[in-house]
Amino acid sequence: MAVMRTVSILGATGSVGTSTLDLIDRNRDAFEVVALTAHSDVKGLADAARRTRARFAAIGDAALGAALAEALAGTGIETGAGEGALIEAAARDADWTMAAIVGCAGLKPVMAALKRGATVALANKESLVSAGDLMTLAARTHGATLLPVDSEHNAIFQCLDRDRLDKVRRIILTASGGPFRTWSPAEMAGVTPERAVKHPNWSMGAKISIDSATMMNKGLELIEAHHLFPVGHERIDILVHPQSVIHSMVEYVDGSTLAQLGTPDMRTPIAHALAWPQRMAAPAERLDLARIGSLSFEAPDPVRFPALALARAAVEAGGARPAILNAANEQAVAAFLGRRIAFLDIAAIVAKVLDSYDPSSPTSLDEVFAIDAEARRLATAMMEEKAA
Ligand code: NAD
Ligand code: MG
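What counts, and where the lines are drawn
Residues numbered from 1 in each chain as written. Chains lettered and ligands numbered in written order. Predicted model: local features only at pLDDT ≥ 70, side-chain atom pairs only at ≥ 80, totals over all residues. UniProt positions renumbered as here; feature names shortened; annotations may be inferred. Helix = DSSP H or I, 4+ residues; strand = E, 2+ residues; numbered from the N terminus. Pairing = 2+ DSSP bridges. Axes fitted to C-alpha atoms, helices over the stretch in contact; angles between N-to-C directions. Contact = placed C-beta atoms within 7 Å. Buried ≥ 20, exposed ≤ 12 C-beta atoms within 10 Å, placed from the backbone. Near = placed C-beta within 6 Å. Nonpolar A, V, L, I, M, F, W, Y, C, P; charged D, E, K, R; others polar. Parallel < 35°, antiparallel > 145°, perpendicular 65-115°, else oblique. Left-handed = near helix turned anticlockwise from the far one by under 90°.

A. The arrangement of the UniProt feature "domain: 1-deoxy-D-xylulose 5-phosphate reductoisomerase N-terminal" (unreviewed entry) in the protein chain in detail. Here the UniProt-annotated "domain: 1-deoxy-D-xylulose 5-phosphate reductoisomerase N-terminal" (unreviewed entry) positions come out as residues 7-132. Across residues 7-132, the secondary structure splits into 44% helix and 22% strand, with the terminal C-alpha atoms separated by 24 Å.

Quick look at the structure:
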């Protein structure tokens, strides 16, 4: 690219964060790194900060501040620790900010970036699910730009005529179906976290991999799409496409359906967002359709994947429902990864929390966090009760 772009990466040590760094490493002359953050991986963060000559590195776990400062001593790279440092990293001026923290933990930093009118490449779908109305309002108020990084939403962004949303008949969100697409509930009942994180097509962080296995990931993506592309949630359909070649589609009133295709490599949508509105090369494997031979499609199964209906109901009702869905799910997924509950309990816990808690719509970020905390407390109490 012709012009040097300054960039920050929130969640630099994760799956999306390291893919973003890989693209930056291959294009050193085009990017200057302002800030990098991580939760607890001091070494990963310090290595990335040294390599990219970042100006500022922030570690989320406040207890690791001294270790980070020591790891970067003598480099001239500023360091910070704790939630305030993550927010500062997001608030520092950069042309482009990658939001790749996992979970609602990314919400305050992403809001800090939006409030400075930044261009934000959004991977952190949980923040948008929990606080979509407040986030999109902040983006509009401060003139910020949200660029979708999630492969489906990036595909829709590429196919969507944003000036003619009224001519969109449907958005078709494709889903791989995850590792248990063809499994019976009895087979799913006993799966281990090791088995569930093995996605057939994508290599991703643990939390999103479990979400793909329950298909809650597609439910969260439905809510994400509803906020990013205001065509009406009833016009967003989910279609299972096991090969993950078509990353999503947009159908127009004239019968035209546009799709974006590619191999399953996050560096393609990240590169799209990183260079936007230009294009840049990405090292993803090229799509060889003759070798793939055929693509298949099927309707999602709402019985084996109850998370889909929970998310659909949450987006229909709006208000606090998506934040409750997300918080209960984050808590249940963490418990499954910690071997405290079984795989099928995840969606069951989310359903139970949604049944027992119905606060009014949040009107501030503080209210979103209060709802998030209460939904987590309820989920934890239910899981402990079940275990007792
Ligand atoms: P990951 O677990 O690999 O990385 C998460 C990053 O967030 C790490 O840098 C970690 O240090 C940081 N982090 C974790 N908890 C934190 C906390 N409490 N406070 C501050 N930082 C914290 O996750 P990932 O797979 O890279 O996913 C990141 C986000 O992108 C998620 O919201 C996910 O749904 C979304 N996403 C990921 C992919 C993918 O291919 N991995 C695809 C689409 C969307
Ligand atoms: Mg996705």
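B. Region of the structure containing the sheet that holds strand 10 (residues 246-252). Pairing within the open sheet is mixed, and its 4 strands lie in the order 9-8-10-11. The outermost strands of the open sheet, each flanked by one partner alone, are strand 9 (236-240) and strand 11 (257-261). Neighbouring strand axes in the sheet, compared pairwise and without regard to direction, differ in orientation by 20° on average. Strand direction decides the pairing type here: strand 8 (residues 168-175) and strand 9, joined by 5 bridges, are parallel. When the bridges of strand 9 are listed, Ile171 appears paired with Ile236. Packing of helix 7 (residues 151-159) onto the sheet brings it into contact with strand 8, strand 10 and strand 11, and relative to strand 10 it is tilted by some 40°. Lying on the sheet, helix 11 (residues 216-228) is in contact with strand 8 and strand 9; it crosses strand 8 at an angle near 150°.

C. Main features of the environment of Leu107. Note that Leu107 resides in helix 5 (residues 107-115). For Leu107, a count of 25 C-beta atoms within 10 Å corresponds to the buried category. Among residues more than four places away in sequence, those in contact with Leu107 are Ser127, Ser130 and Ala131.

D. A look at the site of ligand 1. Taken together, 27 residues lie near ligand 1, and Gly14, His39, Ala123, Met204 and Gly205 sit nearest. Looking at the shell around ligand 1, the elements with two or more residues in it are helix 1 (15-25), helix 6 (125-142) and helix 10 (206-214). Its residues assigned to classes, the shell around ligand 1 comprises 13 nonpolar, 9 polar and 5 charged.

E. Region of the structure containing the sheet that holds strand 1 (residues 5-10). Read across the sheet, 7 strands follow the order 4-3-2-1-5-6-7 without closing on themselves; strand pairing throughout is parallel. At either margin of the open sheet sits one strand with a lone partner, and together these are strand 4 (78-81) and strand 7 (145-148). Neighbour-to-neighbour, the strand axes of the sheet open up by a mean angle of 20°, direction not taken into account. Alignment of strand 3 (residues 56-59) against strand 4, held across 4 bridges, turns out to be parallel. By the bridge assignment for strand 4, Ala57 is matched with Thr79. Across the sheet, helix 1 lies against strand 1, strand 2 (31-38) and strand 5 (96-99), angled at about 160° from strand 1, the strand it touches most.

F. A look at the packing of helix 6 against helix 11. Relative to each other, helix 6 and helix 11 sit at 25°, their axes nearing to 9 Å. Between helix 6 and helix 11, the angle is such that the two are roughly parallel. You can see that helix 6 and helix 11 cross each other, and the crossing is left-handed. Where helix 6 abuts helix 11, its residues Lys125, Glu126, Leu128, Val129, Gly132 and Thr136 lie against Leu220, Glu221, Ile223, Glu224 and His227.

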